[in-house]
Amino acid sequence: MADPKSYIIESLDTGLRLMRLFLTHDTLSVTEAARELDVARSTAHRVLSTLESRGFATRDASGRGYSAGPELVALGRPAGYGPEIRARLQVVLDAAAAATGETISTAALIGDQVIITDGRESPHSVRAVLESGRALPAHATAAGKVLLAQLTAEQVCALYPEERLAGLTSHTLASRSALLSELAGIRALGRADSQGESVSGMNAVAVPLAGNSWRDRLALMASMPADRGGASELDRHAEVLQRAARLLPSPSSS
């Protein structure tokens, strides 16, 4: 049997190895990529440009560095589904659910969608339904917006190449410009709200929970009917979620 290595297409191999670098690097310059791959700088530049053209890489604001693009992010396994992180999240979910009395969920960002990974359903007779595994447009949810706010503006624009955004309700953000503006405020506040943006009559608030890069970020969200989710309630729940998020054990202590 022939050695599989004899069939390697060198340029494809370089591209695949470069894509793997984004698993350990949030950003890469052409020089860094060339050094890591042991190839000429011109080769690294051509490969990065090719990945960018196909959505697997995106250029940062300076134009000198590259980050994982929406196509590469979409291929990644959602954070929050592994047994180790799910076990660590239990104390956080229990504390947030007990303190708010509302439906609590964790969510991960996959491309321009947010995926509900786990949670606790409210005991109230009228409540937000927990739908683990459900995907929703990120720009229409509190969890999605708090996760989008942790991306650069360039990465957000790569995820949303069109100015017009799909609407789920009359309150959903309708434009990329409006989304970018709101994300700037979310970065400053450290929380995101959604008031009837994904489901009419349902409000939510979310805070960052875990992860330092696009590979493992999670959000913690509380969802409730609008009559129990006014501005003061959302403020109070945001504080509860932030306290609960601090209970997350480190990997080494679990």
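The rules behind each value
- Each chain has its residues counted from 1, running along the sequence as written.
- Local features in a predicted model are, by the rule used here, given only for residues with pLDDT of at least 70; side-chain atom pairs are given and counted only at 80 or more, and totals for whole chains, interfaces and linings are based on all residues.
- Neither water nor hydrogens contribute to the side-chain values; these are computed over all heavy atoms in the structure.
- Strand pairing is assigned whenever DSSP identifies at least 2 bridges connecting the two strands.
- Labels follow the DSSP assignment, with helices taken as runs of H or I lasting at least four residues and strands as runs of E lasting at least two, numbered in each case from the N terminus.
- Angles shown run from 0 to 180 degrees and are taken between the N-to-C directions of axes, each axis being a line fitted to C-alpha atoms and, for helices, limited to the stretch in contact.
- The contact definition used throughout considers only heavy atoms, calling two residues in contact when any of these lie within 4.5 Å.
- Should an angle fall under 35 degrees it is taken as roughly parallel, and over 145 as roughly antiparallel, whereas 65 to 115 is taken as roughly perpendicular and any remaining angle as oblique.
- A clockwise turn of the near helix away from the far one marks a right-handed crossing, whereas an anticlockwise turn of less than a right angle marks a left-handed crossing.
- Classification convention: Asp, Glu, Lys, Arg as charged; Ala, Val, Leu, Ile, Met, Phe, Trp, Tyr, Cys, Pro as nonpolar; all other residues, Gly among them, as polar.
- Any carboxyl oxygen of Asp or Glu within 4 Å of a side-chain nitrogen of Lys or Arg constitutes a salt bridge here.
- Here the term buried applies to any residue with accessible area under 20% of the maximum for its type, exposed to any over 50%, and partly exposed to those in between, with areas from a 1.4 Å probe on protein chains only.

1. Observations regarding the sheet that holds strand β7 (residues 192-195)
Hydrogen bonds along the backbone pair up the strands of a sheet, which may run parallel or antiparallel.
Moving on, step 1. Ordered by their spatial adjacency, six strands build an open sheet running β6-β5-β4-β9-β8-β7, and the pairing between neighbours is antiparallel. In this open sheet, the two edge strands, each paired with only one partner strand, are β6 (135-137) and β7. For this sheet the average axis-to-axis angle between neighbouring strands, irrespective of direction, equals 35°.
Moving on, step 2. In terms of strand pairing, strand β8 (residues 202-210) meets strand β9 (residues 218-225) through eight bridges, oriented antiparallel. Across the sheet, residue P208 finds its bridge partner in β9, namely A219.
Moving on, step 3. Its contacts with the sheet place helix α5 (residues 83-100) against β4 (103-110), β5 (113-120), β8 and β9, and it is angled at close to 75° to β5.

2. Some words on the packing of helix α1 (residues 10-21) against helix α2 (residues 30-37)
Moving on, step 1. Interaxial distance between α1 and α2 falls to 11 Å at its minimum, and their mutual angle equals 115°. Put simply, α1 runs roughly perpendicular to α2. Handedness of the α1/α2 crossing: right-handed. Contacts from T14, R17, L18 and L21 of α1 reach α2 at A33, E36 and L37.
Moving on, step 2. Split by residue class, the contact of α1 with α2 holds four nonpolar, one polar and two charged.

3. Description of the pattern of salt bridges
Moving on, step 1. Under the criterion given, the structure shown has twelve salt bridges.
Moving on, step 2. Here D94 ties to R120 by a salt bridge, and the two come within 2.8 Å at their closest N and O atoms. Within this pair, whereas D94 is found in helix α5, its partner R120 is found in strand β5, the two being separated by 26 residues in sequence.
Moving on, step 3. Between R134 and E131 there is a salt bridge, with the nearest N and O atoms lying 2.7 Å from each other.
Moving on, step 4. A relative accessible area of 35% places R134 in the partly exposed class.
Moving on, step 5. Sharing partners across several salt bridges, the network here consists of K145, E182 and E197.

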